[in-house]
Amino acid sequence: MNNFQKEFVLKTLFDNAAQKLMDFDTSSSSSSDFSFVEQDNCKKRKICLRVKNYVENIVREYTEVEFKADFRMSRSTAYKIINMFEETSVIPQHTTGREKITAEKAFLLSVWYLSNQESFRQVSSRFDVTYSSAHRCLIRTVNFLLSIKSDVIRWPSLEEMETISANFEKIGGIKKVIGCIDGTHIEINKPRLNQDSYINRKGYHSLLMQGVVNNKKKFIDVFCGEPGSMHDARLLRKSGIYRTILNNANVMKNYIILGDSAYPNLDWLVTPFKDNGKLSVRQKEFNKKISATRVIVENSFGLLKCRFRRLKKWKTSM
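Residues numbered from 1 in each chain as written. Predicted model: local features only at pLDDT ≥ 70, side-chain atom pairs only at ≥ 80, totals over all residues. Heavy atoms only, no water.

Digging into the overall build of the chain
Okay, so step 1: When its secondary structure is counted, the chain shows 13 helices and 6 strands.
Okay, so step 2: Total accessible area computed for the chain in this model is approximately 20200 Å², and 53% of it derives from carbon and sulfur atoms. (Helix = DSSP H or I, 4+ residues; strand = E, 2+ residues; numbered from the N terminus. Areas by Shrake-Rupley, 256 points an atom, 1.4 Å probe, with all protein chains shown as cover.)

Have a look at this one:
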């Protein structure tokens with residue numbers, strides 16, 4: 001093939017290609033425009049608009065009232081925990097790669113998530129982190145809090161028992177009371193396994209939480225994680241406090257805990273008389289005293305769920 005023939009072939013190929021492009025532009029202009037719009041939209045989606053320096057520029061300027069309203073605790077309490085958090089090995093200590101998320105941001109992000117019903121998408125936008133980073137911050141913070149739970153949720157000493165008992169007696173007139181026990185349901189997504197076991201008497205899936213509180217509405221014992229269909233009496237028998245007292249009755253020091261009629265009546269756990277229509281005046285009066293005293297544990301659960309609203313409905317969403 002000589003040079004003239006080569007040029008003719010190349011020119012023919014070029015003309016055919018050019019004609020096809022022109023035909024495509026004229027006949028498929030709408031679909032072509034759509035594809036370019038699609039590409040532009042895809043590019044725009046990759047750009048995540050987030051709040052920049054929310055902790056550094058906004059949270060640090062909060063008043064005490066604003067801080068407590070958003071993070072459900074005082075600033076001094078929050079930063080005391082943050083300082084403890086920072087000293088642990090939970091927060092990565094790397095010096096290379098991307099800038100690490102500080103203990104301050106990780107803790108405030110987690111408290112914000114627990115205090116609201118926002119999704120990880122909204123939380124990550126507020127704190128300028130990715131979804132996965134927000135999730136890791138939450139897991140690290142929860143693991144840290146679990147590691148120090150025994151320092152906060154603890155059984156009272158003998159001296160503390162005397163003080164608690166005296167204050168409970170002022171409320172309902174019942175002596176030797178150091179705590180009130182009750183259970184509450186935390187709504188969850190439908191689990192993959194054993195779904196029926198998690199359906200409670202109200203018809204939704206839940207986990208059970210059992211708590212014992214003192215006169216100041218402070219939890220002195222917590223047990224949780226059992227399926228929502230479990231009865232309160234069985235939940236008690238599975239709890240650590242029950243096994244501890246069963247093995248060592250001296251733990252109670254001759255003091256008692258008040259419970260409702262769902263619990264068994266034990267040496268250390270006092271419940272109301274069951275109303276069969278034949279209760280005496282004294283028995284009815286005693287039931288009123290228990291009810292007036294026990295309301296403190298119901299109030300404690302209410303305050304806990306209002307402060308950390310994720311406990312009202314623990315449902316995860318992106």
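Remarks on the pairing of strand 3 (residues 219-227)
Okay, so step 1: Here strand 2 (residues 206-213) runs beside strand 3; their pairing, made up of 7 bridges, is antiparallel. In the sheet register, Val212 faces strand 3, and the bridge partner there is Asp221.
Okay, so step 2: The antiparallel pairing of strand 2 with strand 3 creates a hairpin that spans 5 residues between the two strands, and Lys217 there sits at a positive phi of about 65°. (Pairing = 2+ DSSP bridges.)

Some thoughts on the nonpolar core
When a protein is soluble and globular, its nonpolar side chains tend to lie buried together.
Okay, so step 1: Within the largest apolar cluster, 65 residues are counted, with the highest numbers of intra-cluster contacts made by Tyr54, Phe71, Phe107, Leu108, Phe127 and Trp268.
Okay, so step 2: Tallying contributions element by element places helix 6 (residues 103-115) first for this core, with 9 residues.
Okay, so step 3: In contact with Phe71, other than residues within four places in its own chain, are Tyr54, Val59, Tyr62, Leu108, Val111, Trp112, Ser115 and Phe127. (Core = buried A, V, L, I, M, F, W, Y, C linked by side-chain atoms within 4.5 Å. Buried < 20%, exposed > 50% of the residue type's maximum accessible area, 1.4 Å probe, protein only. Contact = heavy atoms within 4.5 Å.)

Observations regarding the pattern of salt bridges
Okay, so step 1: Throughout the structure, instances matching the rule amount to 9 salt bridges.
Okay, so step 2: For Glu104, the salt bridge is made with Arg60, and the minimal N-O distance between the two is 2.6 Å. A residue pair is termed long-range when its members are at least 10 positions apart, and Glu104 in helix 6 and Arg60 in the loop between helix 3 (54-58) and helix 4 (64-71) qualify at 44 residues.
Okay, so step 3: The class for Glu104 is buried, based on a relative accessible area of 11%.
Okay, so step 4: With a closest N to O distance of 3.8 Å, Asp260 and Arg294 form a salt bridge. Here Asp260 is found in the loop between strand 4 (256-258) and strand 5 (269-270), whereas its partner Arg294 is found in helix 13 (residues 281-307), with 34 residues between them in sequence.
Okay, so step 5: Salt bridges linked by common partners bring Asp182, Asp260, Arg294 and Glu298 together as one network. (Salt bridge = Lys/Arg side-chain N within 4 Å of Asp/Glu carboxyl O.)

Let's talk about the side chain of Asp182
Okay, so step 1: Tracing the sequence through the fold places Asp182 in strand 1 (residues 177-188).
Okay, so step 2: A polar side-chain atom of Asp182 sits 3.1 Å from a polar atom in the side chain of Arg294.
Okay, so step 3: In this structure Asp182 touches Met209, Gln210, Gly211, Asp232, Asp260, Tyr263, Arg294, Val297, Glu298 and Phe301, once residues within four positions along its chain are discounted. (Polar contact = N/O pair within 3.5 Å; in protein donor to acceptor, adjacent residues only side chain to side chain.)

A short note on the packing of helix 10 (residues 158-172) against helix 13
Okay, so step 1: Remark: helix 10 packs on helix 13, axes separated minimally by 8 Å, with the N-to-C direction vectors making an angle of 125°. Here helix 13 runs oblique to helix 10, going by the angle between their axes. Once helix 10 is placed against helix 13, the crossing between them reads as right-handed. Contacts from Phe168, Ile171 and Gly172 in helix 10 reach Lys289, Ala292, Thr293 and Ile296 in helix 13.
Okay, so step 2: Each residue belonging to the contact of helix 10 with helix 13 can be placed in one class, and the counts come to 4 nonpolar, 2 polar and 1 charged. (Axes fitted to C-alpha atoms, helices over the stretch in contact; angles between N-to-C directions. Parallel < 35°, antiparallel > 145°, perpendicular 65-115°, else oblique. Left-handed = near helix turned anticlockwise from the far one by under 90°. Nonpolar A, V, L, I, M, F, W, Y, C, P; charged D, E, K, R; others polar.)

A short note on the pairing of strand 2
Okay, so step 1: Most of strand 2 sits out of view: 7 of its 8 residues are buried.
Okay, so step 2: Of the pairings in the sheet, the one linking strand 1 to strand 2 comprises 8 bridges and is antiparallel in character. Each residue of the ladder has a partner; that of Gly183, found in strand 2, is Gln210.

A look at a nonpolar patch on the surface
Okay, so step 1: A cluster of nonpolar side chains, namely Val152, Ile153 and Val222, defines an oily patch on the protein surface of about 200 Å² accessible area.
Okay, so step 2: Mapped onto the elements of the fold, Ile153 is located in the loop between helix 9 (149-152) and helix 10.
Okay, so step 3: Here Ile153 falls in the partly exposed class, since its relative accessible area comes to 34%. (Patch = residues over 30% accessible without salt bridge, like charges linked within 9 Å, V, L, I, M, F, W, Y side chains within 5 Å.)

Points about helix 5 (residues 75-86)
Okay, so step 1: For helix 5, spanning 12 residues, the distance from its first C-alpha to its last is 16 Å, which sits close to the expected 16 Å at 1.5 Å a residue.
Okay, so step 2: By the burial criterion, the buried members of helix 5 are Arg75, Ala78, Ile81, Ile82 and Phe85. Each buried residue of helix 5 sits inside an arc of 135° when the element is viewed along its axis, so together they form one side. Projecting away from the buried face of helix 5 at angles above 90 degrees are the exposed residues Ser76 and Lys80.
Okay, so step 3: Tucked into the core, helix 5 has its buried residues touching helix 4, helix 6 and helix 8 (131-147). (Expected span 1.5 Å × (residues − 1). Arc of directions from axis to C-beta.)

With respect to unusual backbone geometry
Okay, so step 1: At Arg72, a position not held by glycine, the phi torsion is positive, near 60°.
Okay, so step 2: Inspection of the secondary structure assignment puts Arg72 in the loop between helix 4 and helix 5.
Okay, so step 3: We note that Asp128 has phi near 60°; this positive angle belongs to a residue other than glycine.
Okay, so step 4: The topology assignment puts Asp128 in the loop between helix 7 (120-127) and helix 8.
Okay, so step 5: We classify Asp128 as partly exposed; its relative accessible area is 23%.

Things to note about the packing of aromatic side chains
Centre distance and the angle of the planes are the two values used to describe a pair of aromatic rings.
Okay, so step 1: Taken as a whole, this structure holds 11 aromatic pairs when the rule is applied.
Okay, so step 2: Measuring from ring centre to ring centre gives 4.8 Å for Phe85 and Phe144, while their planes differ by 25°; the resulting arrangement is stacked. Taken as a pair, Phe85 in helix 5 and Phe144 in helix 8 lie far apart in primary sequence, 59 residues in all.
Okay, so step 3: Judged by relative accessible area, which is 0%, Phe85 ranks as buried.
Okay, so step 4: Judged by relative accessible area, Phe144 falls into the buried class, the value being 2%.
Okay, so step 5: An aromatic cluster of three or more residues is present, and its members are Tyr54, Phe67, Phe71, Tyr79, Trp112 and Phe127. (Phe/Tyr/Trp six-rings, centres within 6.5 Å; stacked < 30°, edge-to-face > 60°.)

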